[in-house]
Amino acid sequence: MRPGLAVAATLALVAIACVDPAQARWFPACPLHAATGLFCPGCGATRALHALAHGDPARALAFNPLLILALPVLVPLAADEAWRVATGRAWLRTRVPTWAGFTILAVLCAYGVLRNVPGFEWLGPIRE
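Analysis parameters
- Residues numbered from 1 in each chain as written.
- Predicted model: local features only at pLDDT ≥ 70, side-chain atom pairs only at ≥ 80, totals over all residues.
- Heavy atoms only, no water.
- Helix = DSSP H or I, 4+ residues; strand = E, 2+ residues; numbered from the N terminus.
- Buried < 20%, exposed > 50% of the residue type's maximum accessible area, 1.4 Å probe, protein only.
- Contact = heavy atoms within 4.5 Å.
- Lys, Arg positive; Asp, Glu negative; His and termini not counted.
- Charge placed at Lys NZ, Arg CZ, Asp CG, Glu CD.
- Patch = residues over 30% accessible without salt bridge, like charges linked within 9 Å, V, L, I, M, F, W, Y side chains within 5 Å.
- Areas by Shrake-Rupley, 256 points an atom, 1.4 Å probe, with all protein chains shown as cover.
- Salt bridge = Lys/Arg side-chain N within 4 Å of Asp/Glu carboxyl O.

A few words now on the overall build of the protein chain. A count of helices and strands for the protein chain gives six helices and zero strands. With respect to the three principal axes, the spread of C-alpha positions in the protein chain is 45 × 35 × 30 Å. Scored against the burial criterion, the 128 residues of the protein chain give a buried share of 23%. Counting contacts in the protein chain only where the partners sit at least 6 residues apart, residues at least 24 apart contribute 50% of the total. Across the protein chain, the mean location of the 10 positive side-chain charges is 9 Å away from that of the 6 negative side-chain charges.

Structural data, given as C-alpha cells:
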C-alpha cells in the first residue's frame, strides 16, 4: 500500500465514522445495485462500518455480516501494511499463501450470489 493510499483510506474511515452514509448524498452508491437491484459483496459496508464506529455491532452485522466477521483478520493485515509503509519492514512477518487469495475470491463470489437468493435475505443489507 502506498502512503497516499493509506492516507486516503484513513480519511475515508474518518468520514464514515463522522457522517452517516445513509443520510449523506455524497457517499457513492453501489453501481451494481443501482443498475440491477442486486447486492454485491460490499453492499452495506459503509453503513456497517459507521454502525460499528458508533458502538452498534448488531446493526453492523445486519448491514454486512461478512465484512464485520472478516475484520479480526483484515485489521491486523492493514496494520501490518501500514507499519511496513512507515518503517520499511513487516510487523507480522507473515505471507498470505496463494491458495488463501483464491479462497477469499470464492467466498466473496458465493456471498455475492447468496445474498440475492430467496431464503438468504438475512445476508443482504437491512433497508432503512
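What follows is about a nonpolar patch on the surface. A cluster of nonpolar side chains, contributed by Val-73, Leu-77, Trp-83, Trp-91, Leu-92 and Val-96, occupies part of the molecular surface with about 570 Å² of accessible area. Along the chain, the position of Val-73 falls in helix 5 (residues 65-87).

The values are spatial; any link to function lies outside them.
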